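The residues making up each chain are set out below.
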Amino acid sequence: MSDVWKPSVTVAAIVEKDGKFLIVEEHTTDGIKLNQPAGHLDPGEAPETGAAREALEESKWDVKPVGLLGIYMSRYTSSRTGEDVTYLRFAFAAEALREHPQRELDEGIIRVLWMSVDELRATQDQHRSPLVMKCVEDFLSWKAGRSAILPLEFVYTHPSVLAGPLPAGQS
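Below or above, wherever it landed, is the structure these notes cover.

Here is what the cut-offs are and how they apply
- Residues numbered from 1 in each chain as written.
- Predicted model: local features only at pLDDT ≥ 70, side-chain atom pairs only at ≥ 80, totals over all residues.
- Heavy atoms only, no water.
- Core = buried A, V, L, I, M, F, W, Y, C linked by side-chain atoms within 4.5 Å.
- Buried < 20%, exposed > 50% of the residue type's maximum accessible area, 1.4 Å probe, protein only.
- Helix = DSSP H or I, 4+ residues; strand = E, 2+ residues; numbered from the N terminus.
- Contact = heavy atoms within 4.5 Å.
- Pairing = 2+ DSSP bridges.
- Phe/Tyr/Trp six-rings, centres within 6.5 Å; stacked < 30°, edge-to-face > 60°.

### Some points on the nonpolar core
Among the nonpolar cores identified, the biggest contains 20 residues, and Ile14, Phe21, Ile23, Leu69 and Leu120 are the most heavily contacted of them. At the level of secondary structure, the elements contributing two or more residues to this core comprise strand S1 (8-17), strand S2 (20-28), strand S5 (61-77), strand S6 (84-99), strand S7 (109-115), helix H2 (117-122) and helix H3 (131-143). Of all the elements, H3 adds the most residues to this core, at five residues. Apart from residues lying up to four places away in sequence, isoleucine 23 is in contact with Leu34, Asn35, Gln36, Arg111, Val112, Leu113, Met115 and Leu120.

Rendered as structure tokens:
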């Protein structure tokens, strides 16, 4: 039996407020990097729920996903393990609702920043991945009316994901 290729599935919240984007500065194996609130999709979790969870854990902000901005892939060689890693990212345009200043930031997160698009463009060498800027550019294109996002009802999560697997033979 051959190995089955499995990309790492991640979710991200792309949040803009007053002309600035919600960004986290975080420790990585490659040093301190900038990223949107993002992380791995957890078992038993719908993608849009995961994006909102990651935003709260990493930035202390409750956000409301409003649509699927896009599905993105990137690939790199891990500096820690030497492994070839592919990420499959579901990025959601999201609205900032409320900050929880009393919460602690997730482990590895240094601080939360609100950055303008010009600041993000000027710091691309500090981005965790090329997907950070690509998602911002796609978000700006959507806001300008040059492209669309998919409504959340197009991101379907079967109830079995939330309730656990069905017995064999049931669907």
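Back to the write-up after that little detour.
### Some remarks on the pairing of strand S3 (residues 31-35)
The sheet contact formed by S2 and S3 spans five bridges and is antiparallel. What sits directly across from histidine 27, in S3, is isoleucine 32. Here S2 folds back onto S3, and the loop between the two strands holds two residues.

### Side note on the packing of aromatic side chains
By the definition in use, this model includes four aromatic pairs. Look at phenylalanine 21 and phenylalanine 139: their rings are 5.5 Å apart centre to centre, the planes differ by 80 degrees, and that puts the pair in the edge-to-face class. Taken together, the residues phenylalanine 21 in strand S2 and phenylalanine 139 in helix H3 connect sequence positions 118 residues apart. With respect to class, phenylalanine 21 is no different from phenylalanine 139; both count as buried.

### Some thoughts on the environment of glutamate 26
Relative to the elements of secondary structure, glutamate 26 occurs in strand S2. The class for glutamate 26 is buried, based on a relative accessible area of 5%. Sequence separation between glutamate 26 and tyrosine 87 is 61 residues, and the spatial gap between their C-alpha atoms is 18 Å. Filtering out sequence-adjacent residues up to four positions away, glutamate 26 remains in contact with Gly31, Ile32, Lys33, Asn35, Glu58, Gly108, Ile109, Ile110 and Arg128.

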